Amino acid sequence: MAITPAGSWATGDAVYVDLATGNGPVSAASRTNSNSAFIRELWSDEIVAAYKANLVMPQLVVVMNHQRKKGDTVHVPRPQRSAVNEKLEEAQVTLIQTQELQTPYRIDQHWEYSRLIEDVVTIQADDSIRRFYTDDAGYALAVKVDSDLHAEGAKFAAPDAAPTVEGTGYSKAVVGTPAGGSLVTWDPTANTNQGNASVLTDEGIRLMIQALDDNDVPSRSRYLVIPPVEKKNLLGIQRFTEQSFVGEIGNGNSIRNGRVGDVYGVEVFVSTNCPVVQDSGSNGNERAALMFQEEALLLIEQMAPRTQTQYKQEYLADLFTADILFGTGVLRPEGGVAIVVPA
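The rules we used
- Residues numbered from 1 in each chain as written.
- Predicted model: local features only at pLDDT ≥ 70, side-chain atom pairs only at ≥ 80, totals over all residues.
- Heavy atoms only, no water.
- Helix = DSSP H or I, 4+ residues; strand = E, 2+ residues; numbered from the N terminus.
- Expected span 1.5 Å × (residues − 1).
- Buried < 20%, exposed > 50% of the residue type's maximum accessible area, 1.4 Å probe, protein only.
- Phe/Tyr/Trp six-rings, centres within 6.5 Å; stacked < 30°, edge-to-face > 60°.
- Core = buried A, V, L, I, M, F, W, Y, C linked by side-chain atoms within 4.5 Å.
- Contact = heavy atoms within 4.5 Å.

K.L.:
Can you lay out helix α5 (residues 202-214) for me, pointing to particular residues and giving the numbers?
P.N.:
With 13 residues, α5 should reach 18 Å at 1.5 Å per residue; the first-to-last C-alpha distance of 19 Å fits that figure. Those residues of α5 that sit buried are Asp202, Gly204, Ile205, Leu207, Met208, Ile209, Ala211 and Leu212. Looking one or two residues past α5, Asp216 carries a phi angle of roughly 60°, positive in sign.

K.L.:
Describe the packing of aromatic side chains, naming the residues involved and giving the relevant values.
P.N.:
Taken as a whole and judged by the stated rule, the model has four aromatic pairs. Look at Tyr223 and Phe292: their rings are 6.1 Å apart centre to centre, the planes differ by 55°, and that puts the pair in the tilted class. With Tyr223 in strand β6 (residues 222-226) and Phe292 in strand β10 (residues 286-293), this pair connects stretches of sequence that are 69 residues apart. This pair shows no difference in class: Tyr223 is buried, exactly as Phe292 is. Feature note: the residues Phe156, Tyr223, Phe269 and Phe292 constitute an aromatic cluster, connected by ring pairs.

K.L.:
Just give me the short version of unusual backbone geometry, but keep the residues and values in it.
P.N.:
Even without being glycine, Tyr170 reaches a positive phi, approximately 65°. Tracing the backbone through its elements, the reader meets Tyr170 in the loop between α3 (128-152) and β5 (174-175). Of note, the phi angle at Asn191 is positive, near 55°, even though the residue is not glycine. If you trace the backbone, Asn191 turns up in helix α4 (residues 190-193).

K.L.:
Run through the nonpolar core, naming residues and quoting values.
P.N.:
Counting 38 residues, the largest nonpolar core has Phe156, Tyr170 and Phe292 as its most contacted members. Mapped onto this core, the elements with two or more residues apiece are β4 (109-118), α3, β6, β10, β11 (297-312), β12 (317-330) and β13 (336-342). In this view, Phe292 contacts Met57, Leu60, Val61, Phe156, Ser221, Arg222, Tyr223, Val225, Gly335 and Gly336; residues no more than four positions away in its chain are not counted. By size, the runner-up hydrophobic cluster in this structure holds 20 residues, among which are Val174, Val217, Val266 and Ala289.

That is the geometry; function is a separate question.
Below, the structure written as structure tokens:
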């Protein structure tokens, strides 16, 4: 479609639109005055901003940009660690011969958010309606991505004797309070099928850090993602609010604003999106927290949040849709610990 300055027109095969009014000799099925307020570029910018503002987990994991690339599966190499060999005098070096592994990750999550915005709403409603829809769409898409990454955390297996094998459904999760100097495995059948979830403790966090250390997980970029109830519990422990421990002063101090900082070099994030974990009694009275290193989880983005608008003459309304295409997976099951705590 050709566009000319305000007030100018043309004839023939080309179609022209007045930039000032949105008027022009175009069919009502393709464009009307009523949807001139819904400019796609503005929708897109605002959706992406709202999407990013509401993400917790994606900023903490490996993000693989697969945009504008074909295919529905990404094969990620998983090199194995090898040992050194002694060099013998006047002898050839010893070649390391290993069959490196790879893991396929599917890009199979396509989710959309659509609204039909009728002409009467466009004409009569306040402009803030667009801000609401874009924020709501961005939030909805962010929650979906965030939830999928939380779900992948159910496969973490750091405390397990064979850490490279993924768990399923928190089968290798632990509870927050250790016993006898060791982490306690989550048991949904304990306490008459009420489960044995327990709150995070100082000793429990230190033992989880040790589990990652024992698995040669890098010490940088480690995170603890907890539900709000555990933030309340941690802030009630003096050790976590001491200025000398969190390294914060002034307005950044946890005691003043409730912000949970680093604990033993592990940055703490609070997420309302931490999943509910049901015990054998199906009470659903537990929540899942995660401690992991950045390289433990993977997010593959094949299509970042986009927006599209189309006028539907049969409804006299604009169809507004935002969607995203992505995949998630576990890169290193030994790189994280799933923790079940009381709700």
